[in-house]
Amino acid sequence: MRLREDGVTWQEIDGELVILDLASSTYLTTNGSGALVAKLLQADRSAEDLTAALVAEYGVDRAVAARDTEAFLAELRRRELLVEA
């Protein structure tokens, strides 16, 4: 899976991302960990890849990282920002 490229732009501000969906004129803001995941999603990644990156970057428990990853991915899906193979 990866972030949709058509009609989507983003800007990093102080370690956080603002992702703008030009088609729907809506935006999503992320915290630092969301920014990390979103940047990784510029290329195809699995949920496990994203979870492992959160564990490596922040030293959080794998179960917590997996839960947070799935919640973020669910939000991206809800906003139709995620392209899945």
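First, a word on scope: everything that follows refers to the structure included in this document. All of these numbers come straight from a predicted model, not from anything done at the bench.

Some words on empty space enclosed by the protein
Overall, the coordinates contain one cavity of 30 Å³ or more when judged by the stated rule. Empty space within the largest cavity amounts to approximately 30 Å³. Lining the largest cavity are Ile 19, Asp 21, Ser 24, Thr 26, Tyr 27, Leu 28, Arg 79 and Leu 81. Per-element accounting of the lining of the largest cavity gives the leading share, three residues, to strand S4 (residues 26–29).

Some remarks on the pattern of salt bridges
For the structure on display, the rule yields eight salt bridges. Between Lys 39 and Glu 12 there is a salt bridge, and its shortest N-O distance comes to 2.8 Å. You can see Lys 39 sitting in helix H1 (residues 32–40) and its partner Glu 12 sitting in strand S2 (residues 8–13), a full 27 residues away along the chain. One salt bridge in this structure joins Glu 48 and Arg 62, with 2.5 Å as the shortest N-O distance. Highlighted residues: Glu 48 in helix H2 (residues 47–58) and Arg 62 in helix H3 (residues 62–78), separated in sequence by 14 residues. We classify Glu 48 as partly exposed; its relative accessible area is 45%.

Regarding the pairing of S2
Note: S2 against strand S3 (residues 16–21), six bridges, orientation antiparallel. Paired with Glu 12 across the bridge in S3 is Leu 17.

A word on the sheet that holds S3
Taken together, the three strands give an open sheet; going across it, the order is S2-S3-S4, and neighbouring strands pair in antiparallel fashion. The two strands at the open ends of the sheet, each matched to only one other strand, are S2 and S4. With direction set aside, neighbouring strand axes in the sheet form an average angle of 20°. Two strands pair when backbone bridges link them, and S3 and S4 are joined in this way by four bridges, in the antiparallel orientation. Counted as the bridge partner of Ile 19 is Leu 28 from S4. Sheet strands in contact with H1 are S2 and S3, and its direction is about 55° off that of S3.

Parameters at a glance
Residues numbered from 1 in each chain as written. Predicted model: local features only at pLDDT ≥ 70, side-chain atom pairs only at ≥ 80, totals over all residues. Heavy atoms only, no water. 1 Å grid on protein atoms, 1.4 Å probe; cavity = no way out; pocket = protein on both sides within 12 Å on 5 of 7 lines; lining within 4 Å. Points joined across faces, edges and corners; volume = space filled by probe spheres on them. Helix = DSSP H or I, 4+ residues; strand = E, 2+ residues; numbered from the N terminus. Salt bridge = Lys/Arg side-chain N within 4 Å of Asp/Glu carboxyl O. Buried < 20%, exposed > 50% of the residue type's maximum accessible area, 1.4 Å probe, protein only. Pairing = 2+ DSSP bridges. Axes fitted to C-alpha atoms, helices over the stretch in contact; angles between N-to-C directions. Contact = heavy atoms within 4.5 Å.

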